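So you can see what is in the structure, the chains are spelled out below.
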Amino acid sequence: MMEPTLLVLIAAAFGAGAIDAVVGGGGLVQLPALLSVFPNMAPATLLGTSKLAGFSGTASAAMHYLRVVKLPARLLAVGIVVAFCGAIAGAVTVTRLHAMAFRPLVPILLSGVLVWTIRNKQLGAVHAPRHHRAHGHVVSTLAIAGIGFYDGFFGPGTGSFLMMLAVRRFGFDFIHAAAAARVINVATNLAALGWFIGGGHILWQTGLAMAAANILGAQVGTRMALKRGARFVRATLIVVVSALVLKTGWDALLALGR
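Procedures and definitions
- Residues numbered from 1 in each chain as written.
- Predicted model: local features only at pLDDT ≥ 70, side-chain atom pairs only at ≥ 80, totals over all residues.
- Heavy atoms only, no water.
- pLDDT = per-residue confidence, 0-100.
- Helix = DSSP H or I, 4+ residues; strand = E, 2+ residues; numbered from the N terminus.
- Buried < 20%, exposed > 50% of the residue type's maximum accessible area, 1.4 Å probe, protein only.
- Polar contact = N/O pair within 3.5 Å; in protein donor to acceptor, adjacent residues only side chain to side chain.
- Contact = heavy atoms within 4.5 Å.
- Salt bridge = Lys/Arg side-chain N within 4 Å of Asp/Glu carboxyl O.
- 1 Å grid on protein atoms, 1.4 Å probe; cavity = no way out; pocket = protein on both sides within 12 Å on 5 of 7 lines; lining within 4 Å.
- Points joined across faces, edges and corners; volume = space filled by probe spheres on them.
- Nonpolar A, V, L, I, M, F, W, Y, C, P; charged D, E, K, R; others polar.

### Quick word on the confidence of the model for the chain
(1) Moving on: On average, residues of the chain score 83 in pLDDT, and 86% of them reach the 70 mark or higher.
(2) Moving on: Across the chain, element-level confidence peaks in helix H9 (residues 204-228) with a mean pLDDT of 94 and bottoms out in helix H5 (residues 105-119) with 75.

This is how it looks when you write it as structure tokens:
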């Protein structure tokens, strides 16, 4: 019979996979569950275990999206490489600097995403890809590199930032943005996961069980997004980012009070 604590983690991983597949932010569910079950475990080990599960679900969602949604291959390839390198740089930097330095900035940046999405009701409703001149490509590449670095260094809200970039800079609707974000997020997750595995920061049995649940949740979330369309993804983005703003804002206040 399965232990109750493992059942809690599997349920959390399933929910995280479903949320991640639509708009990202599954770590809001998954990591606190790990922290509650293993309160005395090294944070790096819990982050690594969560990343193993998250990577599995994100990869599953990305493959499902790519079977249905057509994305520009060249743009995607550049985004994957740039984000992967950025995430490696972030993971290396976090070993030398304190990741908590980012805490006060996260709710501010996420609040910007939230306000922009709410104010622009037609944002992401129509898929009208835009082509940029050289300067525009440089700006977008730097933005992707920055988001990749952030994911390797800290992480909360990475999927939401990637989606907003795809909508705002490239004219994607929310379905195409969700697909592009999941694919690029696979690259950043893989970079960070490689670092955690190299350092031995994985609870393999727990992580693999959570990975299976995360994959199942990701499939459910992807099907819901594709079936219900851009309006559903937009509404989910608003709910998840609102929760992320509250959670990261509270964490930042607690950190400042210590």
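Structure's up, so let's keep going.
### Some thoughts on the side chain of Thr158
(1) Moving on: Structurally, Thr158 is set in helix H7 (residues 158-170).
(2) Moving on: By relative accessible area, which is 3% here, Thr158 ends up buried.
(3) Moving on: In terms of polar contacts, Thr158 uses its side chain to reach the side chain of Asp151, at 3.0 Å.
(4) Moving on: Leaving out residues up to four positions away in the same chain, Thr158 has contacts with Ile147, Tyr150, Asp151 and Asn185.

### Considerations on the environment of Cys85
(1) Moving on: Relative to the helices and strands, Cys85 is located in helix H4 (residues 73-94).
(2) Moving on: A residue is classified by how much of its surface remains accessible, and Cys85, at 46% relative accessible area, is partly exposed.
(3) Moving on: Sequence separation between Cys85 and Thr188 is 103 residues; the distance between their C-alpha atoms is 8.1 Å.

### Structural notes on the pattern of salt bridges
(1) Moving on: Summed over the entire model, instances satisfying the criterion amount to one salt bridge.
(2) Moving on: Asp151 is the partner of Lys51 in a salt bridge, and the nearest nitrogen-oxygen pair spans 3.8 Å. Residue Lys51 is found in helix H3 (residues 43-68), and its partner Asp151 is found in helix H6 (residues 134-153); the two are separated by 100 residues along the sequence.
(3) Moving on: The class for Asp151 is buried, based on a relative accessible area of 6%.

### Looking at empty space enclosed by the protein
To find the voids left in a structure, one rolls a probe of water-molecule size over its atoms.
(1) Moving on: Taken as a whole, this structure holds one cavity of 30 Å³ or more when the rule is applied.
(2) Moving on: Reported here for the largest cavity is a volume of approximately 140 Å³.
(3) Moving on: The wall of the largest cavity is formed by 13 residues, among which Leu75, Ala166, Phe170, Ala180 and Ile184 lie closest to the centre.
(4) Moving on: Among the secondary structure elements, those contributing two or more residues to the lining of the largest cavity are H4, H7 and helix H8 (174-198).
(5) Moving on: If one sorts the elements of the lining of the largest cavity by residue count, H7 sits on top with four residues.
(6) Moving on: Taken together, the residues of the lining of the largest cavity break down into 13 nonpolar, no polar and no charged.

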